[in-house]
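Listed below, chain by chain, are the residues.
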Amino acid sequence: MKTLRARYSWLLTTQAIGSAALLSQCYPLYARLLDDPGHVQVYADRPMVTVIGSSVALVQGAHWYRVFKVPLPVRDTHVVLGQLVLFVSRLAFIIASALFSLVLFRHLPEIDFGRNGNGFVWRGLLLLAVLFSVFCFTTELERLGLALRGHERTPDNDDRARH
């Protein structure tokens, strides 16, 4: 059980670091878009795209490895801690969704796709990859929060349900 808990903790920490890196890159973009909302802007430079791409790969790799190889190691219920984890998961997704909403509803209608359509397509795919990565991390936090509250199936409480 200690090895399982250590692997799970390492994978969750990896996802948290990757998600924090993604959100740290989203905040400056969000602030720039809010400062000048009437113009189409190009602010994702090469270092920022490198950090974003690496963070997406880090989150996705840790998330999918955890989903297929490492079960939740929660044995005891901790209702208050579970609620706090659920709160953090929702808060993280709200922050990422704010950037997506700003781009989608404010800037997408004004983009001239005929001028540089490929550039906008890859930036849009990168934005979706960021949003999906944060979504994967938040669903992991939700599963953990529900397990801590006693509502998620884990190997331990699955055995108890059979008896």
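Figured I'd write up the structure that's included with this text.

Basis of the calculations
- Residues numbered from 1 in each chain as written.
- Predicted model: local features only at pLDDT ≥ 70, side-chain atom pairs only at ≥ 80, totals over all residues.
- Heavy atoms only, no water.
- Salt bridge = Lys/Arg side-chain N within 4 Å of Asp/Glu carboxyl O.
- Helix = DSSP H or I, 4+ residues; strand = E, 2+ residues; numbered from the N terminus.
- Buried < 20%, exposed > 50% of the residue type's maximum accessible area, 1.4 Å probe, protein only.
- Patch = residues over 30% accessible without salt bridge, like charges linked within 9 Å, V, L, I, M, F, W, Y side chains within 5 Å.
- Areas by Shrake-Rupley, 256 points an atom, 1.4 Å probe, with all protein chains shown as cover.
- Contact = heavy atoms within 4.5 Å.
- Expected span 1.5 Å × (residues − 1).
- Phe/Tyr/Trp six-rings, centres within 6.5 Å; stacked < 30°, edge-to-face > 60°.
- Core = buried A, V, L, I, M, F, W, Y, C linked by side-chain atoms within 4.5 Å.

1. Remarks on the pattern of salt bridges
Enumeration according to the criterion identifies two salt bridges in this entry. As a salt-bridge pair, Glu140 and Arg66 come within 3.0 Å of each other at their nearest N and O atoms. With Glu140 in helix H4 (residues 113-149) and Arg66 in helix H2 (residues 46-69), this residue pair connects regions lying 74 residues apart in the sequence. The residues Glu140 and Arg66 share a single accessibility class, namely buried. The closest approach of N and O atoms between Glu142 and Arg90, which form a salt bridge, is 3.2 Å. In this pair, Glu142 is assigned in helix H4 and Arg90 in helix H3 (residues 79-107), connecting sequence segments 52 residues apart. Note on Glu142: relative accessible area 24%, which makes it partly exposed.

2. Looking at a nonpolar patch on the surface
Among the surface-exposed residues, Trp64, Val67, Phe68, Phe132 and Phe135 lie close enough to one another that they form a single nonpolar patch of about 510 Å² accessible area. Where the nonpolar patch is concerned, the elements lending two or more residues are H2 and H4. At three residues, the largest contribution of residues to the nonpolar patch is made by H2. For Phe135, the location among the structural elements is in helix H4. Judged by its relative accessible area of 39%, Phe135 falls in the partly exposed class.

3. Some details on the side chain of Gln15
For Gln15, the location among the structural elements is in helix H1 (residues 2-35). Beyond its immediate chain neighbours, meaning those up to four positions away, Gln15 contacts Val59, Ala62, His63, Arg66, Cys136, Phe137 and Glu140.

4. So, H2
End to end, H2 covers 34 Å across 24 residues, agreeing with the expected 34 Å (1.5 Å per residue, within 8%). Residues Met48, Ile52, Ser55, Val56, Val59, Gln60, Ala62, His63 and Arg66 constitute the buried set of H2.

5. Observations regarding the packing of aromatic side chains
Counted by the stated rule, this structure contains three aromatic pairs. Seen from their ring centres, Phe93 and Phe135 are 6.1 Å apart, and the 65° between their planes marks the pair as edge-to-face. Linking Phe93 in helix H3 with Phe135 in helix H4, this pair joins segments that are 42 residues apart in sequence. Following the ring pairs from residue to residue traces out a cluster consisting of Phe93, Phe132 and Phe135.

6. Quick word on the nonpolar core
Among the nonpolar cores identified, the biggest contains 16 residues, and Leu22, Ile52 and Val130 are the most heavily contacted of them. Elements supplying a minimum of two residues to this core: H1, H2, H3 and H4. It is H4 that provides the largest number of residues to this core, a total of five residues. Those residues in contact with Leu22 that sit more than four places away from it in its chain are Ile52, Ser55, Val56, Val59, Val130, Ser133 and Val134. Listed in part, the 14 residues of the second largest apolar core include Leu12, Ala62, Leu141 and Leu144.

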